Amino acid sequence: MRSPLSEAVVAGAEAAVLESLPLPGNFPAATVQACDISMFEGVEDKDVRKSLFVKDVPMPDLAPDEALIAVMASAINYNTVWTAMFEPLPTFQFLKEMGRAGGWEKRHDLPYHVVGSDASGVIVRTGSSVRRWKVGDHVVIAPAYVDEQDPDTHRDGMLGQGQKAWGFETNFGGLAHYAVVRASQLLPKPASLTWEEAAVNPLCASTAYRMLVSDRGAQMKQGDIVLVWGATGGLGSYAVQLVRNGGGVPVGVVNSDEKARLLKSLGCEAVINRQDVLDGDDTLLQRPEGWKKLGKAIRAAVGEDPHIVFEHVGKQTFAASVFLARRGGTVVTCGSSTGFEHSYDNRYLWMRLKRIIGSHGANLHEQWEVNRLFALGHLIPALSAVYTLAEVGAAARSVQTNQHIGKVGVLCLAPRPGLGVTDAQARARVGEERLSLFRR
């Protein structure tokens, strides 16, 4: 049963009403439990449906620089899968480290972890030092949780020693009815998008933006050939759009004809089905004969080797990425979903003057810029499926087993899909067909 405040948020109540209603003492949230961290020891299939479940948790106190968000929708990211697998290490270690810092950070050290690094919703409370935001504002959440008193943060938010991924390295994440965020994480929700469409974008789209467009990433220019692994996944689908918008030539790598058709609908003309090129043998991804076959297929599609390789798969593809980038080219990497320990032939790196750039998340300015692209309709959400919060285990499992395309959304307080649009004309300009591309 929803609290009066939750009901008021869903009904679209005015700010004065939201401020007058008491906060609920508890609320539903997707959690993992500290007592379960050894449950998958010796288990081959670490099924996240066994470790990730919804329970009522106490409402946390709010620090002066924070806002309390009534979460309308959230999304599954691979960091939630890692959390629920307790790999590469249990996230309770992050929470304990926060707790040792004392002060407001101590709240995060709990025997449960409320997960989720994406969200859209309504501000229902603000801390005493929050200036630019007010109760009733519709927002999306930037997942970079930074220490504004760290000098390196003012150089780049992602360089600060205290930088964390909200909902992964912090508690009180987005897969819940309520979430706690710092004011520096708040972005205006694009008025043309539904709650679930807005919720799925911040983490993956901003990560891809920093990797490709930002001066801290590969600095893609017009005409650049960009090889995108996993091009219909959460990161890849935004990368393809950013490359096209910036005048580059995306070469999308997929593993099925269905995904190839989706990519072409997205405007990616050069699509490589690695199952066809490698005759269904993915072990060739880690051998020179496989790299050469992929290189030949890329040149057949676009006539050149890639200027940039958009890398996030990790162990399975990294050696191929280093090989496939052209002389003087760039491999930009943000993750390693198939494994963190990479092996590659360094001769292809040093003798051909290539670069590897490490990229992580996005700072607030980069988040703001990519959010603006959604508001303008220049980027579309990669939303392919929507689950309820009660189904969060199944939603995370679909990502864990790579049964999804794009992004998987989760309704939290929103009672059904399709709600939250406040500018119907802007939505019409983008077009329903385009906005629902990943759900067809």
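Residues numbered from 1 in each chain as written. Predicted model: local features only at pLDDT ≥ 70, side-chain atom pairs only at ≥ 80, totals over all residues. Heavy atoms only, no water.

Student: Would you take a moment to explain the pattern of salt bridges for this structure?
Tutor: For side chains of opposite charge, pairing can occur when their charged atoms come near one another. Under the defined criterion, the tally for this structure stands at 24 salt bridges. A salt bridge links Arg-182 to Asp-65; its shortest N-O distance comes to 3.9 Å. With Arg-182 in strand β9 (residues 178–182) and Asp-65 in the loop between β2 (53–58) and β3 (66–76), the pair connects residues that are 117 residues apart, well separated along the chain. The exposure class of Arg-182 is buried, given its relative accessible area of 12%. Salt-bridge contacts for Glu-366 lead to Arg-210; the nearest nitrogen and oxygen are separated by 2.9 Å. Linking Glu-366 in helix α13 (residues 364–376) with Arg-210 in helix α6 (residues 202–212), this pair joins segments that are 156 residues apart in sequence. The two residues Glu-366 and Arg-210 agree in class, both being buried. One network of salt bridges, in which partners are shared, links Asp-156, Arg-210, Asp-215, Arg-216 and Glu-366. (Salt bridge = Lys/Arg side-chain N within 4 Å of Asp/Glu carboxyl O. Helix = DSSP H or I, 4+ residues; strand = E, 2+ residues; numbered from the N terminus. Buried < 20%, exposed > 50% of the residue type's maximum accessible area, 1.4 Å probe, protein only.)

Student: Looking at this structure, how should I read helix α14 (residues 392–400)?
Tutor: One turn of an α-helix holds 3.6 residues; hence residues three or four places apart share an orientation. The element α14 is largely enclosed, with a buried count of 8 among its 9 residues. For α14, the complete set of buried residues consists of Val-392, Gly-393, Ala-395, Ala-396, Arg-397, Ser-398, Val-399 and Gln-400. Where α14 is buried, its residues contact β1 (26–33), β2, β3, α3 (78–85), β17 (383–388) and β18 (407–411). Following α14 by one or two positions, Asn-402 has its phi on the positive side, about 55 degrees. (Contact = heavy atoms within 4.5 Å.)

Student: I keep staring at unusual backbone geometry and nothing clicks. Help me out?
Tutor: With the exception of glycine, the majority of residues adopt a negative phi angle, and the majority of peptide bonds are in the trans configuration. A cis amide bond links Glu-87 to the next residue, Pro-88, at an omega of -5 degrees. Residue position: Pro-88 is located in the loop between α3 and α4 (92–101). Positioned with a positive phi, Gln-219 is a non-glycine residue whose angle comes to about 55 degrees. Here Gln-219 lies in the loop between α6 and β11 (225–228).

Student: Where do I start with the sheet that holds strand β4 (residues 112–114) in this structure?
Tutor: Adjacent strands of a sheet pair through backbone hydrogen bonds, lying either parallel or antiparallel. What the 3 strands build is an open sheet, ordered β2-β1-β4; its pairing is antiparallel. Bordering the open sheet on either side are β2 and β4, each of which pairs with just one other strand. Direction aside, the axes of adjacent strands within the sheet are offset by 60 degrees on average. Strand direction decides the pairing type here: β1 and β4, joined by 3 bridges, are antiparallel. In the sheet register, Thr-31 faces β4, and the bridge partner there is Val-114. (Pairing = 2+ DSSP bridges. Axes fitted to C-alpha atoms, helices over the stretch in contact; angles between N-to-C directions.)

Student: Explain the sheet that holds strand β14 (residues 308–311) to me, please; I cannot follow it from the model alone.
Tutor: The parallel open sheet is built from 6 strands, whose spatial order is β13-β12-β11-β14-β15-β16. Each edge of the open sheet is held by one strand with a lone partner, namely β13 (270–273) and β16 (355–358). Going across the sheet, the axis of each strand differs from the next one's by a mean of 20 degrees, ignoring polarity. Against the sheet, α6 contacts β11, β14 and β15 (330–333), and its axis sits at roughly 150 degrees relative to β14.

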